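Breakdown of the fold
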Amino acid sequence: MATANSLTNELHEAEGRLLEELRSMRRRLRTDGKAEKPADALTMGQKIADQVATTMGSWPFIIIQSLILLVWIVLNVTAFVEKWDPYPFILLNLALSFQAAYAAPFIMMSQNRQQDIDRKEAENDHQINVKAELEIELLHEKVDALRQKEVLMLTQAIADLTALLKSQTAAPTVKA
């Protein structure tokens, strides 16, 4: 039984230390004016990668590119203008391969940076959840202590009333 109590005390001490560490970290963030905004700390390459990923992942880009491809194919098939890229459209394939070769790294850089941001947010959420859990546990302990105190007071009141009742029934009654 003594080992269970010591283990419980060790757990409470560890939880208390963790809670205090989380509270001090939160205070530091408040006093430091919080961390820099991610948009302010971006390098030129990161800004370009984000812009390329945003542009290439939009409907206007897809529609405009589709129209250009359609015009390219129609002009080369109908020979309305001199055929600069006949049927297998080798030049068109080369242009699209070139575009894909340069777009992929930009998009991957943007995704990697977003993944890092998401990881940090998940870490912060986890710390907040741990702190909330510890705070709720402390509140439960306080409520339990209040209930225990209330039960002791009620038990004492019942004992006092019982003693009063016994003294009244034991005392001789005066008949008039």
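Each remark here, short or long, concerns the structure printed above.
Model, not experiment: these values are computed from the prediction.

Before going further, it helps to spend a moment on helix α3 (residues 59-78). In a regular helix each residue adds 1.5 Å, so 20 residues correspond to 28 Å; α3 covers 28 Å between its end C-alpha atoms and thus fits that length. Immediately downstream of α3, the backbone of A79 shows phi near 60 degrees, a positive value.

Applying the stated criterion to the full structure yields 2 salt bridges. R113 is the partner of D50 in a salt bridge, and the nearest nitrogen-oxygen pair spans 2.0 Å. Here D50, found in helix α2 (residues 44-56), pairs with R113, found in helix α4 (residues 90-170); they are 63 residues apart in sequence, far enough to count as distant. Residue D50 shares its accessibility class with R113, and that shared class is buried. Residue R119 is joined to D116 by a salt bridge in which the shortest nitrogen-to-oxygen separation is 2.9 Å. In this pair, R119 and D116 both sit in helix α4, 3 residues apart, roughly one turn of the helix. For R119, a relative accessible area of 46% puts it in the partly exposed group.

Further remarks concern the packing of α3 against α4. Put simply, α3 and α4 touch, their axes get as near as 11 Å, and they point 160 degrees apart. In terms of axis orientation, α3 runs roughly antiparallel to α4. The handedness of the crossing between α3 and α4 is right-handed. Across the interface between the two elements, F61, Q65, L69, W72 and I73 of α3 pack against L91, L92, L96 and Q99 of α4. Here the contact of α3 with α4 is built from residues that sort into 7 nonpolar, 2 polar and no charged.

The next thing to look at is the side chain of D85. Its place among the elements puts D85 in the loop between α3 and α4. There is a polar contact of 3.1 Å between the side chain of D85 and the backbone nitrogen of L91. The residues touching D85, leaving out its near neighbours within four places in the chain, are W72, N76, I90, L91 and L92.

Conventions used here
- Residues numbered from 1 in each chain as written.
- Predicted model: local features only at pLDDT ≥ 70, side-chain atom pairs only at ≥ 80, totals over all residues.
- Heavy atoms only, no water.
- Helix = DSSP H or I, 4+ residues; strand = E, 2+ residues; numbered from the N terminus.
- Expected span 1.5 Å × (residues − 1).
- Salt bridge = Lys/Arg side-chain N within 4 Å of Asp/Glu carboxyl O.
- Buried < 20%, exposed > 50% of the residue type's maximum accessible area, 1.4 Å probe, protein only.
- Axes fitted to C-alpha atoms, helices over the stretch in contact; angles between N-to-C directions.
- Parallel < 35°, antiparallel > 145°, perpendicular 65-115°, else oblique.
- Left-handed = near helix turned anticlockwise from the far one by under 90°.
- Contact = heavy atoms within 4.5 Å.
- Nonpolar A, V, L, I, M, F, W, Y, C, P; charged D, E, K, R; others polar.
- Polar contact = N/O pair within 3.5 Å; in protein donor to acceptor, adjacent residues only side chain to side chain.

All we've got here are geometric facts, nothing functional implied.
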